[in-house]
Amino acid sequence: MKRLILLLIALAPCSALQAQNVRDYIRRGNRHYRDSVYDKAQVQYQKGFELDSNSVQIRYNLANSLLFQGQPKDAMQQYEKAASLERNPARLHQIYHNMGVILQSQKQFPLAIQAYVKALAYDPRDNESRYNLVVCQYQLEKNPQDQGGGGDNKEQQDKDKQKQQQQQQQQQQKQDPQ
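Residues numbered from 1 in each chain as written. Predicted model: local features only at pLDDT ≥ 70, side-chain atom pairs only at ≥ 80, totals over all residues. Heavy atoms only, no water.

A. Summary view of helix H5 (residues 89-105). Counted at 1.5 Å a residue, the expected span for H5 with its 17 residues is 24 Å, and the 24 Å between its end C-alpha atoms agrees. Those residues of H5 that fall on the buried side of the exposure criterion are Leu-92, His-93, Ile-95, Tyr-96, His-97, Asn-98, Met-99, Gly-100, Ile-102, Leu-103 and Gln-104. In this fold, the buried residues of H5 make contact with helix H3 (56-68), helix H4 (72-85), helix H6 (109-122) and helix H7 (127-142). Of the residues flanking the start of H5, the one acting as N-cap is Asn-88, its side-chain oxygen 2.8 Å from the backbone nitrogen of Ala-90. Two residues or fewer past H5, Lys-107 is found with a positive phi of approximately 60 degrees. (Helix = DSSP H or I, 4+ residues; strand = E, 2+ residues; numbered from the N terminus. Expected span 1.5 Å × (residues − 1). Buried < 20%, exposed > 50% of the residue type's maximum accessible area, 1.4 Å probe, protein only. Contact = heavy atoms within 4.5 Å. Polar contact = N/O pair within 3.5 Å; in protein donor to acceptor, adjacent residues only side chain to side chain.)

B. Quick look at the pattern of salt bridges. Evaluated as defined, the whole model comprises 3 salt bridges. We note a salt bridge from Glu-86 to Arg-91, for which the minimum N-O separation is 3.0 Å. Taking relative accessible area as the criterion, Glu-86 reaches 7% and is therefore assigned buried. With a shortest N-O distance of 3.5 Å, Arg-125 and Asp-123 are connected by a salt bridge. (Salt bridge = Lys/Arg side-chain N within 4 Å of Asp/Glu carboxyl O.)

C. Here's a closer look at the packing of aromatic side chains. Tallied over the full model, the rule gives 5 aromatic pairs. Ring geometry for Tyr-38 against Phe-68: centres 4.8 Å apart, planes inclined by 15 degrees, an arrangement best described as stacked. Of the two residues, Tyr-38 sits in helix H2 (residues 38-51) while Phe-68 sits in helix H3, which places them 30 residues apart along the sequence. Look at Tyr-60 and Tyr-79: their rings are 5.9 Å apart centre to centre, the planes differ by 55 degrees, and that puts the pair in the tilted class. Here Tyr-60 is found in helix H3, whereas its partner Tyr-79 is found in helix H4, with 19 residues between them in sequence. (Phe/Tyr/Trp six-rings, centres within 6.5 Å; stacked < 30°, edge-to-face > 60°.)

Here you go:
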């Protein structure tokens, strides 16, 4: 029992030092982010991430820096992981709103709508999320073929075209004398 207590006492400064380092990386990253030096912010957040991969704050900040560097796919991965770890409604609102922005910019309107609905569930007073939700709904109504699935829509078009060609061939065979 004494050994366990001594071990815990010996390890306590290490974990406190690690926590201090993580905070330092977040602070440095935030300074770079405020100065719009997103690549340097990303480096600092990644260093903190190496020490604490379950930090929602690091993931969220890293996602924001990636988004401002034009890396929406990587940002989305960080937002998704942050959303799975986060419990604070205000931060969940921000995460889902940003996910909606990415999806909307990629014309993935059904998924963007889902993200904005989740954002509004955590903060129903947010007019920006509400506005973006309405814009996505309008875009989806205006262009129903724009379902945002990317390749899925192309695949369906190819299947429809193939089916139409088969029907034409069958009609020609019926009309041709044998």
